[in-house]
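The residues making up each chain are set out below.
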Amino acid sequence: MSVLEKKYSYTEFMKSIGRNTSSAHAEKLLNEIYMDLFLKRLHREQIRKRLNGLVDQSLDNRDESAFLSYTDELLKFEKCN
């Protein structure tokens with residue numbers, strides 16, 4: 001679970017709603033949570049796609065050092081997500 005997902009846990013959401021009982025506020029907060037999660041996922045997919053492209057390009061160019069570097073970066077990225 002990412003930091004963002006922990007930040008927007010159900011429990012935290014319910015605590016926030018408990019503090020401010022306005023349904024408009026709750027709806028706004030929920031929309032912000034969904035937007036943040038959507039954008040974070042979109043960004044992760046863009047990074048993954050870029051790194052895969054760089055790995056492929058380094059293979060096409062027979063550039064072993066670039067291949068190893070981008071592959072290492074991709075593996076670290078995948079481990080964090």
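### Quick notes on the overall build of the protein chain
Scanning the protein chain for helices and strands turns up four helices and zero strands. Listed N to C, the secondary structure of the protein chain is α-α-α-α in terms of helices and strands. Classification of the 81 residues of the protein chain by burial places 22% in the buried group. Contacts spanning at least 24 positions in sequence make up 43% of the contacts within the protein chain whose residues lie at least 6 apart. Total accessible area computed for the protein chain in this model is approximately 6,600 Å², and 55% of it derives from carbon and sulfur atoms.

### Quick notes on helix 3 (residues 23-60)
Look at helix 3: 55 Å from first C-alpha to last across 38 residues, which is about the 56 Å you get at 1.5 Å a residue. Of all the residues in helix 3, the buried ones are Ala-26, Leu-29, Ile-33, Arg-44, Arg-48, Leu-51, Leu-54, Val-55 and Ser-58. Following helix 3 by one or two positions, Arg-62 adopts a phi angle in the positive range, close to 55°.

### Quick notes on the pattern of salt bridges
Enumeration over the complete set of coordinates arrives at three salt bridges. Here Arg-48 and Glu-78 are joined by a salt bridge, their closest N and O atoms 2.6 Å apart. On the criterion of sequence distance, the pair formed by Arg-48 in helix 3 and Glu-78 in helix 4 (residues 64-80) is long-range, its members being 30 residues apart. Of the residues examined, Glu-78 reaches a relative accessible area of 33% and is grouped as partly exposed. Between Asp-72 and Lys-76 there is a salt bridge whose closest N-O contact spans 3.2 Å. With Asp-72 and Lys-76 both in helix 4 and four residues apart, the pair spans about one turn of that helix. Put simply, Glu-45, Arg-48 and Glu-78 are held in one network by salt bridges that share partners.

### Quick word on the side chain of Arg-48
Polar contacts involving the side chain of Arg-48 include one to the side chain of Glu-78, which spans 2.6 Å. Not counting chain neighbours up to four residues away, the residues in contact with Arg-48 comprise Leu-74, Phe-77, Glu-78 and Asn-81.

### Overview of the confidence of the model for the protein chain
In the predicted model, the protein chain carries a mean pLDDT of 85, and the fraction of residues at 70 or more is 77%. When pLDDT is averaged over each helix and strand of the protein chain, the minimum, 55, is found for helix 1 (residues 3-7) and the maximum, 96, for helix 4.

### Thoughts on a nonpolar patch on the surface
On the surface, Met-35, Phe-38, Leu-39 and Leu-42 cluster together into a nonpolar patch covering about 390 Å² of accessible area. Within the fold, Leu-39 resides in helix 3. Its relative accessible area of 44% is what places Leu-39 among the partly exposed residues.

Rules used throughout
Residues numbered from 1 in each chain as written. Predicted model: local features only at pLDDT ≥ 70, side-chain atom pairs only at ≥ 80, totals over all residues. Heavy atoms only, no water. Helix = DSSP H or I, 4+ residues; strand = E, 2+ residues; numbered from the N terminus. Buried < 20%, exposed > 50% of the residue type's maximum accessible area, 1.4 Å probe, protein only. Contact = heavy atoms within 4.5 Å. Areas by Shrake-Rupley, 256 points an atom, 1.4 Å probe, with all protein chains shown as cover. Expected span 1.5 Å × (residues − 1). Salt bridge = Lys/Arg side-chain N within 4 Å of Asp/Glu carboxyl O. Polar contact = N/O pair within 3.5 Å; in protein donor to acceptor, adjacent residues only side chain to side chain. pLDDT = per-residue confidence, 0-100. Patch = residues over 30% accessible without salt bridge, like charges linked within 9 Å, V, L, I, M, F, W, Y side chains within 5 Å.

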